[in-house]
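What follows is each chain in one-letter form.
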Amino acid sequence: MQSFGADALFFVPEYLGNVNALSAAIIGVAMGVFFMSWNITTFILHSKRFKFLATTSKPFLKYCINNSIIPIAFLLFYLVRMFRFNTHKELMNADDIMALVGGFIGGLTLHIAFSLSYFFGADRRILREITPVVENAEAFKAQFDPTKNQQPDGFGLKVGYYLSTRFKLRRARVVSHYNQDFLDRIFKRHHFAGMVGIMLAFVFLITIGFFLDFRFFQIPAAASVIIFFAVMLSVIGALSYFLKSWAVLFVICLVAILNILYSANIIDPRNKVYGLNYNNITERPVYNQDELESLCTPAKIDSDKANMLQVLNNWKKKQTTDKPVMIFINVSGGGLRSATFVMNTLQRLDSISNGGLMQHTFLISGASGGMLAATYYRELYRLKRKGQDIDLADKHYTNNITQDLLNPIFSSMIDRDIFSPAQKFSVGNYRYIKDRGYAFEEKLKDNTDGILNTQIKDYVTDEKSATIPMIIYNSVVTTDGRKLLIGTQPLSFMMKPAAFANDNNIMPDGIDFAAMFAKQDPMNVRVLTALRMNATFPYILPNVWLPTEPIVDVMDAGLRDNFGQETTLRFIENFNDWIKQNTGGVIILQIRDRIKDGWQSPLENGSITDIITKPGTILQHNWYKFQDYTQTDQYSYLKDSTTNNIHRITFTYLPGNEDMSAALNFHLTAAEKQDVIASFNTLPNQAMLQKLLKLLK
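Residues numbered from 1 in each chain as written. Predicted model: local features only at pLDDT ≥ 70, side-chain atom pairs only at ≥ 80, totals over all residues. Heavy atoms only, no water.

Engineer: Can you help me understand the overall build of the chain in this one?
Structural biologist: In terms of helices and strands, the chain carries 26 helices and 15 strands. In the chain, which comprises 697 residues, the share counted as buried stands at 51%. Sequence-distant contacts in the chain: of pairs separated by 6 or more residues, those separated by 24 or more amount to 80%. For the chain, the computed accessible surface area is about 32100 Å², with 60% contributed by carbon and sulfur atoms. (Helix = DSSP H or I, 4+ residues; strand = E, 2+ residues; numbered from the N terminus. Buried < 20%, exposed > 50% of the residue type's maximum accessible area, 1.4 Å probe, protein only. Contact = heavy atoms within 4.5 Å. Areas by Shrake-Rupley, 256 points an atom, 1.4 Å probe, with all protein chains shown as cover.)

Now the structure itself:
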């Protein structure tokens, strides 16, 4: 998970909005939970291999000491990585790093000390129970006759010496003359004490999940992940301990039962479109060929195009020249890397052009992180137009969009999705389950000062009057790859290429969301949800299922069009005649987070294993290049088919150092933020700026 920024969760833990010794201490406590869980689980499973421990005082402490090589090695590795990460990527000084290290070690030490004191109490309790039996020779012989049920010493692993609690070498006692029942009795009492400790960790995760909406309980995501691993380790150990060779069969049966319950809709962990009506089961649209074709009949397309022509005319009325330049903004996906670059670029371009950028922009489209920033900037622009005192160039807004989104996703994935999946919230009259999708939206809302807590219906009037640029949110239906289009205006003309609008042999490759779900309150959908559907990166965020028959789900727009250009080209194709007559040209302004050709990264000869792996990974490695090739080809056809001036201007994130390029994730380090923002000033981007300003004159 390093490529998605998960390493930052462990090295730069955030608690109550701050990264400090307290947040690091929470990670230390969680690490202590994991260490103790590992020791407890392996002690339960393997104590039979070290029978001599049953005859010593504090057997569990001795086991931990002699089992500490791996934890100590990991701690050294972790602390070195933390120091290097925070020095080079978070740009922290030595004092800040030492505060984190001190907090982490303090939390770890505190938990281990607490755990061992708990086991010391268990030792004393066990000793009080065993002593009367041992001191009574007749009772001891009657209950644990040494001549009966003896076990040969040295089972599994033979131990000659061990470290005592004073870290001195001691010879392991021979226990072959002890009754096995006596040894088992001592060990099982320690096992019970260990199981109680693990149950407390399990209860802790459930509690955190139920109170996750309160900031106090929003512990660093890394802590939740570590404790989850601790619980899973214990669960696996318990299955092995109690079921032995039946454990695998038990897991298979459990999965089969869960699948039956899921198929029967008794349990439903799927994520939904917040604001959409899932209750009217009898009126759900059928997802098939006939239904899709009925949404884009020639008559419907003509009606929807007539409505859009009104919007276009409203846009022209707000321009200052008879032949204004029309701008289409396309923003790429790429997590917070793209969001930061897009936000900073929009601010700089609009400021340098004295507001000309948003004045001339008609449509914004794109994917993932880029759309987070574009929607945020448009909302600021809308509020400013309504009279609020907003400085669109304020760096505060770029800083807002750079804030972490990964921490709540991972926290909710563990604490809520797995351990507390029964909590609900409301959007209007409809209720939905809280999961990591909800956590993502709430964090994005908080990061943007709450101004994105709106619904699609809130923009119908402003977009119809062209007071603000129109936005089309895209996502991809996983069943067949069709593009789902969410907008305030009817979009049936976007469901097919314009050349095939009347051809029934060509199936729609897009779906007008509002038309498809006309009976499910489509305008009630939250903008935050539309953004999340647009940015549903696989596994990080949950796929969103739609109330259709049969059910389909959608995910990240980047699967189909990571750069937003496909939507723009189809729109221009539909209204090419109007654009010729009413504008002085079109600017396709693309703001993207990756270089087009990729020659900057040196090619490698590879290895013999590539013969096996390359056929399976070629699509993964070249996904965005395939899209670039196709969209450049589409652009060339459009430009050749029109006498109108079309210009494509591209601003690209160019890392200052290729080896330190910002990762594609929902978390940016301090160094990555600086690098992404500074990229606007590179020579290629400055050349594009001059070209844009010249066209806007």
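Next comes the rest of the account.
Engineer: So what exactly am I meant to see when it comes to the nonpolar core here?
Structural biologist: Nonpolar side chains tend toward joint burial in soluble globular proteins. Residues Phe362, Phe571, Leu589 and Phe666 are the most contacted members of the largest nonpolar core, which totals 151 residues. Listed in part, the 15 residues of the second largest apolar core include Ile44, Leu53, Leu116 and Ala172. (Core = buried A, V, L, I, M, F, W, Y, C linked by side-chain atoms within 4.5 Å.)

Engineer: Which parts of the structure should I look at to understand helix 3 (residues 59-66)?
Structural biologist: Along an α-helix, residues three or four apart share an orientation, since each turn contains 3.6 residues. Counting buried positions over the eight residues of helix 3 gives seven, a clear majority of the element. Among the residues making up helix 3, those that are buried are Pro59, Phe60, Leu61, Lys62, Tyr63, Cys64 and Ile65.

Engineer: It is not clear to me how the packing of aromatic side chains should be interpreted in this structure. Could you clarify?
Structural biologist: Scanning all chains against the criterion turns up 24 aromatic pairs. Residues Tyr274 and Phe425 carry aromatic rings whose centres are separated by 4.8 Å and whose planes lie at 85 degrees to one another, so their mutual orientation is edge-to-face. Taken as a pair, Tyr274 in the loop between strand 3 (271-272) and helix 10 (289-294) and Phe425 in strand 6 (residues 424-427) lie far apart in primary sequence, 151 residues in all. In this structure, Tyr274 and Phe425 share a single accessibility class: buried. Centre to centre, the rings of Phe493 and Phe575 are 5.2 Å apart; their planes meet at 85 degrees, and the pair counts as edge-to-face. Taken together, the residues span a long stretch of sequence, with Phe493 in the loop between strand 10 (483-486) and strand 11 (510-512) and Phe575 in the loop between helix 22 (565-574) and helix 23 (576-582) at a distance of 82 residues. (Phe/Tyr/Trp six-rings, centres within 6.5 Å; stacked < 30°, edge-to-face > 60°.)

Engineer: So what exactly am I meant to see when it comes to the environment of Ser412 here?
Structural biologist: Along the chain, the position of Ser412 falls in helix 16 (residues 406-418). For Ser412 and Lys434, which are 22 residues apart along the polypeptide, the C-alpha to C-alpha distance reads 8.7 Å. Within the structure, Ser412 has its side chain in polar contact with the backbone oxygen of Asp435 (distance 3.3 Å). (Polar contact = N/O pair within 3.5 Å; in protein donor to acceptor, adjacent residues only side chain to side chain.)

Engineer: Honestly, the pairing of strand 6 in this entry has me stumped. Any pointers?
Structural biologist: One face of the sheet, then the other: side chains in a regular strand alternate in exactly this way. Burial of the side chains of strand 6 is restricted to one face: Phe425 and Val427 are buried, whereas none of Lys424 and Ser426 on the reverse face is. Relative to strand 7 (residues 430-433), strand 6 runs antiparallel, the two being bridged by four bridges. Along strand 7, the bridge assignment pairs Ser426 with Arg431. Counting the residues in the hairpin turn of strand 6 and strand 7 gives two residues, including Gly428, whose phi is positive at 65 degrees. (Pairing = 2+ DSSP bridges.)

Engineer: Explain the side chain of Thr583 to me, please; I cannot follow it from the model alone.
Structural biologist: Within the fold, Thr583 resides in the loop between helix 23 and strand 14 (585-592). Residue Thr583 is classed as buried on the basis of its relative accessible area, which comes to 4%. At 3.4 Å, the side chain of Thr583 and the backbone nitrogen of Gly585 are in polar contact.

Engineer: Help me out: how do you make sense of unusual backbone geometry in this one?
Structural biologist: Apart from glycine, the bulk of residues carry a negative phi angle, and the bulk of peptide bonds sit in the trans form. In this model, Glu549 is joined to Pro550 through a cis peptide bond whose omega is -5 degrees. With respect to the helices and strands, the residue Pro550 is situated in the loop between strand 12 (544-546) and strand 13 (552-555). In this structure, Ser368 is a non-glycine residue whose phi angle is positive, near 45 degrees. Along the polypeptide, Ser368 turns up in helix 14 (residues 368-385). Its relative accessible area of 6% is what places Ser368 among the buried residues.

Engineer: Sorry if this is basic, but what is going on with the sheet that holds strand 5 (residues 361-366) here?
Structural biologist: Neighbouring strands of a sheet are bound in pairs by backbone hydrogen bonds; such pairs are parallel or else antiparallel. The strand order across the open sheet built from five strands is 8-5-4-14-15, with neighbouring strands paired in parallel fashion. Each end of this open sheet is capped by a strand with a single partner; those strands are strand 8 (470-471) and strand 15 (646-652). Pairing geometry for strand 4 (residues 325-331) and strand 14, over seven bridges, is parallel. By the bridge assignment, Val331 is partnered in strand 14 with Ile591. This element, helix 12 (residues 335-352), spans strand 4, strand 14 and strand 15 of the sheet and lies at about 140 degrees to strand 14. (Axes fitted to C-alpha atoms, helices over the stretch in contact; angles between N-to-C directions.)

Engineer: Which parts of the structure should I look at to understand the confidence of the model for the chain?
Structural biologist: Detailed reading of the predicted model is not advised wherever pLDDT is low. In the predicted model, the chain carries a mean pLDDT of 83, and 84% of its residues have values of at least 70. Within the chain, no element has a lower average pLDDT than helix 6 (residues 137-143), which sits at 52, and none a higher one than strand 8, at 97. (pLDDT = per-residue confidence, 0-100.)

Engineer: Please clarify how the pattern of salt bridges should be interpreted in this entry.
Structural biologist: Any two side chains of opposite charge can pair, so long as their charged atoms come close to each other. Under the definition given, this model contains 18 salt bridges. Salt-bridge contacts for Glu379 lead to Arg382; the nearest nitrogen and oxygen are separated by 3.0 Å. Here Arg382 and Glu379 lie together in helix 14, a separation of three residues that amounts to about one turn. In this pair, the class of Glu379 matches that of Arg382, namely buried. We note a salt bridge from Glu442 to Arg526, for which the minimum N-O separation is 3.5 Å. With Glu442 in helix 17 (residues 436-447) and Arg526 in the loop between helix 19 (513-516) and helix 20 (527-534), the pair connects residues that are 84 residues apart, well separated along the chain. Exposure remark for Glu442: the relative accessible area of 17% places this residue in the buried category. Salt bridges sharing common partners tie together Lys483, Asp509, Arg560, Asp561, Glu566 and Arg570. (Salt bridge = Lys/Arg side-chain N within 4 Å of Asp/Glu carboxyl O.)

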